[in-house]
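Tertiary structure, described
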Amino acid sequence: MAELLEALMLVSFGLSWPLNAWKGYKARTAAGSSWQFIALITFGYVAGIAAKLVSGSITWVLAVYVLNMAAILANWAVYVRNRRLDARAARAGGCAGSSASAVSSRG
């Protein structure tokens, strides 16, 4: 029962990451995104995976952690892409890009 509840928690969080990556991809800006937040979430999933490995509790729930990590990695990729697009827009003098870079550089 504990594994099922843990998996439900992971699935609940995990469903939001692909949606967040898609939203960021479509937005084409890192404004409103925070690398610190993504890093903290990444750290949490790495800790969860490490706990499973250290405890020897390698069950199907570990696969859910791995799927969530894949979604987080997609968020990292979109974030990096959007930061580059913001920088390019700022260099080109684009209004949206320069304000987006200012906002996203704060966090």
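Here, the structure is the one placed above.
Everything in this summary refers to the structure shown in the same document. Just so it is clear, the structure is predicted and the values come from calculations on it, not from any experiment.

**Details of the overall build of the protein**
- When helices and strands are tallied, the protein shows four helices and zero strands.
- The helix and strand sequence of the protein, counted from the amino end, reads α-α-α-α.
- Taking all 107 residues of the protein together, 30% fall into the buried category.
- Intrachain contacts of the protein at a sequence separation of at least 6 include 75% that bridge at least 24 residues.
- As displayed, the protein has an accessible area near 6700 Å², and 72% of this comes from carbon and sulfur atoms.

**Here's the deal with the packing of helix H2 (residues 35-55) against helix H3 (residues 60-92)**
- Contact geometry of H2 with H3 gives a least axis separation of 10 Å together with a crossing angle of 160°. By the angle between their directions, the pair H2 and H3 is classed as roughly antiparallel. The chirality of how H2 crosses H3 is left-handed. Side by side, H2 and H3 meet where Trp35, Ile38, Ala39, Ile41, Thr42, Tyr45, Val46, Gly48, Ile49, Lys52 and Leu53 of the first sit next to Val61, Leu62, Tyr65, Asn68, Met69, Ile72, Asn75, Trp76 and Tyr79 of the second.
- When its residues are assigned to classes, the contact of H2 with H3 shows 15 nonpolar, four polar and one charged.

**Re the pattern of salt bridges**
- Within this structure, the stated rule accounts for one salt bridge.
- Ionic pairing is found between Glu6 and Lys52, a salt bridge with its closest N-O pair at 2.8 Å. Here the residue Glu6 occupies a position in helix H1 (residues 2-27), and Lys52 occupies one in helix H2, the gap between them amounting to 46 residues.
- Lys52 gets classed as buried once you look at its relative accessible area, which sits at 8%.

**What to know about the packing of aromatic side chains**
- Enumeration according to the criterion identifies four aromatic pairs in this entry.
- A ring pair is formed by Trp22 and Tyr25, whose centres lie 5.8 Å apart and whose planes are at 20°; its orientation type is stacked. Linking Trp22 with Tyr25, this pair stays in helix H1, spanning three residues, or about one helical turn.
- In this structure Trp22 comes out as exposed when scored by relative accessible area, which is 52%.
- Considering the side-chain rings of Trp76 and Tyr79, the 6.4 Å spacing of their centres and the 90° angle between planes classify their relative orientation as edge-to-face. Remark: Tyr79 and Trp76 occur in helix H3; sequence separation between them is three residues, near one turn of the helix.
- Among the residues examined, Trp76 registers a relative accessible area of 23% and is labelled partly exposed.
- Of the residues examined, Tyr79 reaches a relative accessible area of 9% and is grouped as buried.

Basis of the calculations
- Residue positions are given per chain, counting from 1 as you read along its sequence in written order.
- Given that this is a predicted model, residues contribute local features only at a pLDDT of at least 70 and side-chain atom pairs are listed and counted only at 80 or more, while totals for whole chains, interfaces and linings are drawn from all residues.
- Note that the side-chain values use all heavy atoms of the structure and ignore hydrogens as well as water.
- Numbering goes from the N terminus for both helices and strands, where a helix is a DSSP run of H or I of at least four residues and a strand is a run of E of at least two.
- Between buried and exposed lies partly exposed: a residue is buried under 20% and exposed over 50% of the maximum accessible area for its type, with that area taken using a 1.4 Å probe on protein chains only.
- What makes two residues a contact is simply this: any of their non-hydrogen atoms within 4.5 Å.
- Residue exposure ignores everything except the shown protein chains as possible cover, and the areas themselves are Shrake-Rupley values with a 1.4 Å probe.
- Lines fitted to C-alpha atoms define the axes here, with helix axes fitted over just the stretch in contact, and angles between the N-to-C directions of these axes take values from 0 to 180 degrees.
- Every angle not falling under 35 degrees, over 145, or within 65 to 115 is termed oblique; those three ranges are roughly parallel, roughly antiparallel and roughly perpendicular.
- Left-handed is the label given to a crossing in which the near helix is rotated counterclockwise from the far helix by less than a right angle, and right-handed is the label when the rotation is clockwise.
- All residues other than Ala, Val, Leu, Ile, Met, Phe, Trp, Tyr, Cys, Pro, Asp, Glu, Lys and Arg, Gly among them, are scored as polar; the first ten of these are nonpolar and the last four charged.
- A pair is scored as a salt bridge if a Lys or Arg side-chain nitrogen falls within 4 Å of a carboxyl oxygen belonging to Asp or Glu.
- Planes of paired rings set the category: under 30 degrees apart is stacked, over 60 is edge-to-face and the rest tilted, where pairs are Phe, Tyr or Trp rings (Trp by its six-membered ring) whose centres lie within 6.5 Å.

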